[in-house]
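Examining the three-dimensional arrangement
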Amino acid sequence: MKKKVLILLLLAFIIFPLKVNAKTVADFEAEVEKYTAELREKQAHIAKNDAEVKQVEANIKKIEGQITSAENEIKRLTQEINKNNNEIAKKLEESKAIMAYYQIENGDNAYLEYAFGAETITDMIYRLSITEQLTDYNDKIMKELKELIKKNEQDKKTQAAKKEELNVLQSNLEKEKSRIEADTQGVVASLPSTQALIKSAEDSVKYYKNLGCGKTEDISSCQFRIMQSRKGTSLPSVGAFQRPIENGYVTQPYKGSRHKGIDLSSSNKTIPIHPIAEGEVAAKYEDACIKNGKKASWCPYKCNGNAKIIVIRHNNNGRYIYSMYVHMSNYGSYDVGSYVTKDSVIGYMGTSGCSTGNHLHLEIAYCHYNVAGACLPDTYNNNLINPASLIRFPSSWSNY
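Notes on the structure follow. Treat the numbers as computed from the prediction; the structure is a model and nothing was measured. (Residues numbered from 1 in each chain as written. Predicted model: local features only at pLDDT ≥ 70, side-chain atom pairs only at ≥ 80, totals over all residues. Heavy atoms only, no water.)

Quick notes on the overall build of the chain
- Tallying secondary structure elements over the chain gives 6 helices and 15 strands in all.
- Across the 400 residues in the chain, those meeting the buried criterion constitute 40%.
- With an accessible surface of roughly 23100 Å², the chain has 54% of that area assigned to carbon and sulfur atoms. (Helix = DSSP H or I, 4+ residues; strand = E, 2+ residues; numbered from the N terminus. Buried < 20%, exposed > 50% of the residue type's maximum accessible area, 1.4 Å probe, protein only. Areas by Shrake-Rupley, 256 points an atom, 1.4 Å probe, with all protein chains shown as cover.)

The following block contains the structure:
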């Protein structure tokens, strides 16, 4: 007898999950402030990046000017070297003429003949001095020109190295600019989600205040109490959970935030879908996988349009839990607010949205991210329930 009681208690624990994160209107107000501050921080980050990009662009422009100056200097040095080369060639011809004039011919030294042809000692000294000056001058000019060309060549190499250094610096600045712009694009891309979270939190504050929940009251219990009293009839508490399709197999198990639910398929690819327990339709919508004929960037798989989704709210001993059915081909005849039983057909298996084939994706959570679902999208993952912990799937259904 004790063993039977223990088994019943364990089953009750499995069927009725106890860990629920209580939430209040004050919590949603705090989230509005949190995401508003995050939005301001992102906007400030973008402004800072924009200023940095402007500075980098100014530096790039400055370097481009320096590169142009280096190129002009290289051109000037090249022209100078060419000019000096021409001058050397000219001087070389003059030197040859001088040497030819003073060369030794017929065994006689013309240089000596010129020097000793003087009629006086003074004239001879003068003649010696002239010839010496001519050769010294020629040697000096040639030496100066060669040194100048050597200097110009070195300056040319220096300018080329400087240009290369400037090119590397420019390339690095271009990369830095691209990095900052990519960072900005990432922040800009996240702005809509932050803005959506702010709106979601604001809508939740408004919804629960209008419903009559106190600022510090557990909104799940408040919502259940008030909505049940308004309907005049009590939504029955869930006794047990069933499989949403009569026959089939599991194509992918629950993996937490990496795969938030369980995928089921069947040989009948349009098999009817039933709720896992009695409850009421909390939401009925299509996701935003395709908009204006264009696939959304977040869709990681093949997309066949917007997934048809229905969400059922269940009474779990005075609290709500939510089951979500995704990728249906068609809805059943139930609208938001309708009461459904285990036998109700809420839709048919399909492959709408981001799906590679006909199947049902089933998610279960303590809350849902629609306005009346008591949590925001970013906290939804923390409230997921493994469907296999509530529903028994035969071992024959394992197909993964």
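Considering the state of the cysteines
- All told, the structure shown has 2 disulfides when counted by the stated rule.
- With its sulfur 2.0 Å from that of its partner, Cys213 forms a disulfide with Cys222. Here Cys213 and Cys222 share a disulfide; its torsion about the S-S bond, -100°, makes the bridge left-handed. Comparing Cys213 with Cys222 shows no difference in burial state: the two are buried.
- With a sulfur-sulfur separation of 2.3 Å, Cys367 is cross-linked through a disulfide to Cys375. The chirality of the disulfide connecting Cys367 with Cys375 is right-handed, given an S-S dihedral of about 85°. Across this residue pair, the class does not change: Cys367 and Cys375 are buried. (Disulfide = S-S within 2.5 Å.)

What about the sheet that holds strand 11 (residues 330-331)?
- The strand order across the open sheet built from 3 strands is 5-13-11, with neighbouring strands paired in antiparallel fashion. Two strands bound the open sheet, and with one partner strand each, they are strand 5 (272-273) and strand 11. (Pairing = 2+ DSSP bridges.)

Quick notes on unusual backbone geometry
- The phi dihedral of His327 falls on the positive side, at around 80°, and the residue is not glycine.
- Positioned with a positive phi, Ala374 is a non-glycine residue whose angle comes to about 70°.
- Looking at the element boundaries, Ala374 is found in the loop between strand 14 (360-365) and helix 6 (377-380).

Comments concerning the pattern of salt bridges
- What the rule picks out here adds up to 15 salt bridges.
- Between Lys23 and Glu31 there is a salt bridge, with its nearest N and O atoms 3.0 Å apart.
- The shortest N-O distance in the salt bridge between Arg76 and Glu73 comes to 2.8 Å. Taken together, the residues span about one helical turn, with Arg76 and Glu73 both in helix 2 (residues 25-102) at a distance of 3 residues.
- Through salt bridges with shared partners, a single network forms among Glu29, Lys209 and Lys215. (Salt bridge = Lys/Arg side-chain N within 4 Å of Asp/Glu carboxyl O.)

A closer look at the environment of His314
- Positionally, His314 belongs in strand 9 (residues 308-315).
- Sequence separation between His314 and Ala277 is 37 residues; the distance between their C-alpha atoms is 7.1 Å.
- Leave out the neighbours within four places in its chain, and His314 touches Val238, Ile276, Ala277, Glu278, Gly279, Arg319, Tyr320, Ile321, Tyr322, Ser323 and Tyr325.
- Polar side-chain contacts of His314 include one of 3.4 Å to the backbone oxygen of Ala277.
- Within the structure, His314 has its side chain in polar contact with the backbone oxygen of Glu278 (distance 2.9 Å). (Contact = heavy atoms within 4.5 Å. Polar contact = N/O pair within 3.5 Å; in protein donor to acceptor, adjacent residues only side chain to side chain.)

Description of the environment of Asn247
- Structurally, Asn247 is set in the loop between helix 5 (219-231) and strand 3 (249-252).
- Using a relative accessible area of 39% as the deciding quantity, one classes Asn247 as partly exposed.
- Taking the C-alpha atoms as reference points, Asn247 and Ile271, separated by 24 residues in sequence, lie 8.7 Å from one another.
- In this structure, Asn247 is in contact with Ser265, Ser266, Ile271 and Trp397, ignoring residues within four places of it in sequence.

Overview of the environment of Arg258
- Mapped onto the fold, Arg258 is located in the loop between strand 3 and strand 4 (262-265).
- Considering only alpha carbons, one finds Arg258 and Asn381, 123 residues apart in sequence, at a separation of 9.6 Å.

Considering the nonpolar core
- One finds Tyr208, Cys213, Ile219 and Val311 to be the most contacted residues of the largest nonpolar core, which totals 37 residues.
- Contributing elements (two or more residues each) for this core: helix 2, helix 4 (121-211), helix 5, strand 6 (279-286), strand 9 and strand 10 (320-328).
- Once residues within four sequence positions are removed from consideration, Ile219 is found in contact with Lys23, Thr24, Val25, Phe28, Tyr208, Cys213 and Ala374.
- Membership of the second largest hydrophobic core comes to 28 residues, among which are Phe241, Leu264, Ile312 and Phe393. (Core = buried A, V, L, I, M, F, W, Y, C linked by side-chain atoms within 4.5 Å.)

A closer look at the pairing of strand 9
- Of all 8 residues that make up strand 9, 8 are buried, and the element is covered over most of its length.
- Side-chain alternation along strand 9 places Lys308, Ile310, Ile312 and His314 on one buried face and Ile309, Val311, Arg313 and Asn315 on a second face that is also buried.
- With 6 bridges connecting them, strand 6 and strand 9 associate as antiparallel partners. Note that in strand 9 the partner of Glu280 across the bridge is Arg313.
- In the sheet, strand 9 pairs with strand 10 via 8 bridges, with the strands oriented antiparallel. Counted as the bridge partner of Arg313 is Tyr322 from strand 10.

Observations concerning the side chain of His359
- By the secondary structure assignment, His359 is in the loop between strand 13 (347-348) and strand 14.
- Among the polar contacts listed, one links the side chain of His359 to the backbone oxygen of Gly357, at a separation of 2.8 Å.
- Discounting residues that sit within four places of it in the chain, His359 has contacts with Asp263, Leu264, Ser265, Val326, His327, Met349 and Gly350.

As for the side chain of Asn383
- Structurally, Asn383 can be placed in the loop between helix 6 and strand 15 (384-385).
- On the basis of relative accessibility, which here comes to 7%, the residue Asn383 falls in the buried class.
- Here Thr379 takes part through its backbone oxygen, which lies 2.9 Å from a polar atom of the side chain of Asn383.

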